[in-house]
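Examination of the molecular architecture
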Amino acid sequence: MGNFLPNELIERLRSRTDFDSEAFAEIHQRGDKVTSVRLNPAKPAKLDLALSETIPWCKEGYYLTDRPVFTLDPLYHAGTYYVQEASSMFVSYIIRALGLDHKEDVRALDLCAAPGGKSTLLNSVLNNSSLLVSNEVIKSRALILVDNLVRWGNPNVVVTNNDPSAFSRLPGYFDVMVVDAPCSGSGMFRKDPGAIDEWSLANVKLCSDRQRRILADAQACLKTDGYLIYSTCSYSEEENEDIVDWLITTHGFESVSVDIEDSWGITKTRSRGKQGVGYRFYPHQVKGEGFFLSVLRKKTSEETFSRRKIKKEKSDVPKGSIDKWVKDPSLFYTFMQGDNIHIVPKEMEEDLAIIRSVLYLKNAGTNVGKWSGRELIPAHDLALSNHINMGVEAQEVDLDSALNFLRKETIDIDLFSNTKNGWCLVRYRGINLGWVKVLSNRINNYYPKEIRIMNL
């Protein structure tokens, strides 16, 4: 085996009939790196990525033959794709297998959402009429989550920054909850060898206890017959199958099984106590990292959130303020968040009022821009929105100019010689990157300084 992997972990895995210890050790010794991306179906673009085969359980996912410097690809910053580990894209297959992709008005919660891989996935796979609430308890990580969802460009998302216990204030509210739980990280050993030194049985126990607390605190927000999609990047039963048994025994869930293809190499498992179904991803069997996922349906009845408690807020957005900026403004409910005008789909007005009444929000819908009292100063979020009015002034630029823009450097005024003075979108290969303001003697670069790329 070699002694580079924790002996205590390997000994426990050896007791499993589905585990090949020699193949497992060999794949880690080789240290093969697997890179994969998931495309944004709302932003089709001509990519320079070396795409190879499709990930079999996610039709938007692709393996790459080599790993580029993503930071130097403007289309990465524009949200045309997300760099995501292939195994975790299995959530896409689960959502489709449960039929949630065709169901209208699904309320979905991604409870431990940063940096945003599963949230952007849910936002693509679920119906456009569905509401996604993406939560992250750590404030700095919540900001990263906001950035990635802004890049994805959809307005039917609310980002919250709350402890999981806060969601008990929304009993019986969500149709599906995804919990990619904090874990001991053994599934990432190949990708991140540094995680090997941090692994211990004590940390497995700590993570298992934390996972139970998170699930116990938040499970009330699922409606009866709602789905819990639980996942970790751990191989330890204490964090996986044992949690499934605990959910069935303690919180009235039942296990849900979906059919998978044998050729995918995914191992279907059963928990020891209640025979709950789980799916294990071993890197010597699948082209991806270590991962575990289980689907459960809630069978216990819960109190349902009373909508009678909520009064719709009167919108104080100046009439006509977004008309020239947003494609088909009649589809959206507009509201003020500070000095900024935001939009969400009109049918989500009541949901927004409910969520705002009980949770702390980091972002809601799409920030269209700041109202100055006379005019709208367009937001970066609007530039990346899939609902921006494509008739807004725009200028196509080449790669070097796009990278200068993303570094927030000076832009050559000659590029905009045929552009009217005023606000103008910078586009690369037909995809919006952000705003500049064209003046008679210079170009002001309005790319947000907090997300500008640094020189590499």
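Above this text sits the structure in question.
This report concerns the structure included in the present document. (Residues numbered from 1 in each chain as written. Predicted model: local features only at pLDDT ≥ 70, side-chain atom pairs only at ≥ 80, totals over all residues. Heavy atoms only, no water.)

On to the pairing of strand β13 (residues 291-298). With respect to burial, β13 is a largely interior element, seven of its eight residues being buried. Summarising the sheet, strand β9 (residues 222-232) and β13 pair through six bridges and their orientation is antiparallel. Each residue of the ladder has a partner; that of Ser231, found in β13, is Leu293. Bridging between strand β10 (residues 253-256) and β13 involves four bridges; their strand directions are antiparallel. The partner of Glu254 across the bridge, within β13, is Arg297. (Buried < 20%, exposed > 50% of the residue type's maximum accessible area, 1.4 Å probe, protein only. Helix = DSSP H or I, 4+ residues; strand = E, 2+ residues; numbered from the N terminus. Pairing = 2+ DSSP bridges.)

Attention shifts here to the packing of aromatic side chains. Across all of its chains, the model carries 21 aromatic pairs by this definition. Ring centres 6.1 Å apart and planes at 40° place the aromatic pair Phe70 and Tyr76 in the tilted group. Taking the relative accessible area as the measure of exposure, Phe70 reaches 8% and is therefore buried. Looking at Tyr76, the relative accessible area reads 22%, which means it is partly exposed. (Phe/Tyr/Trp six-rings, centres within 6.5 Å; stacked < 30°, edge-to-face > 60°.)

Assignment of secondary structure puts Ala142 in helix α6 (residues 139-152). Residue classification places Ala142 among the buried residues on the basis of a relative accessible area of 0%. As a C-alpha pair, Ala142 and Met348 span 206 residues in sequence and 22 Å in three-dimensional space. Non-local contacts of Ala142, meaning those with residues more than four positions away in its chain, are made with Glu136, Val159, Asn161 and Lys362. (Contact = heavy atoms within 4.5 Å.)

This next bit is on the sheet that holds strand β15 (residues 340-345). Across a sheet, strands are paired by hydrogen bonds formed along the backbone, either parallel or antiparallel in direction. Pairing is antiparallel across the open sheet formed by four strands, whose spatial order is β14-β15-β17-β18. Since the sheet does not close on itself, it has two edges, and those belong to β14 (332-337) and β18 (376-378), each with one partner. When the angles between neighbouring strand axes are averaged without regard to direction, this sheet yields 35°. Here six bridges tie β14 to β15, and the two strands are oriented antiparallel to one another. When the bridges of β15 are listed, Met336 appears paired with Ile341. Each of β14 and β15 touches helix α10 (residues 349-358); the most contacted strand, β14, lies at about 30° to it. (Axes fitted to C-alpha atoms, helices over the stretch in contact; angles between N-to-C directions.)

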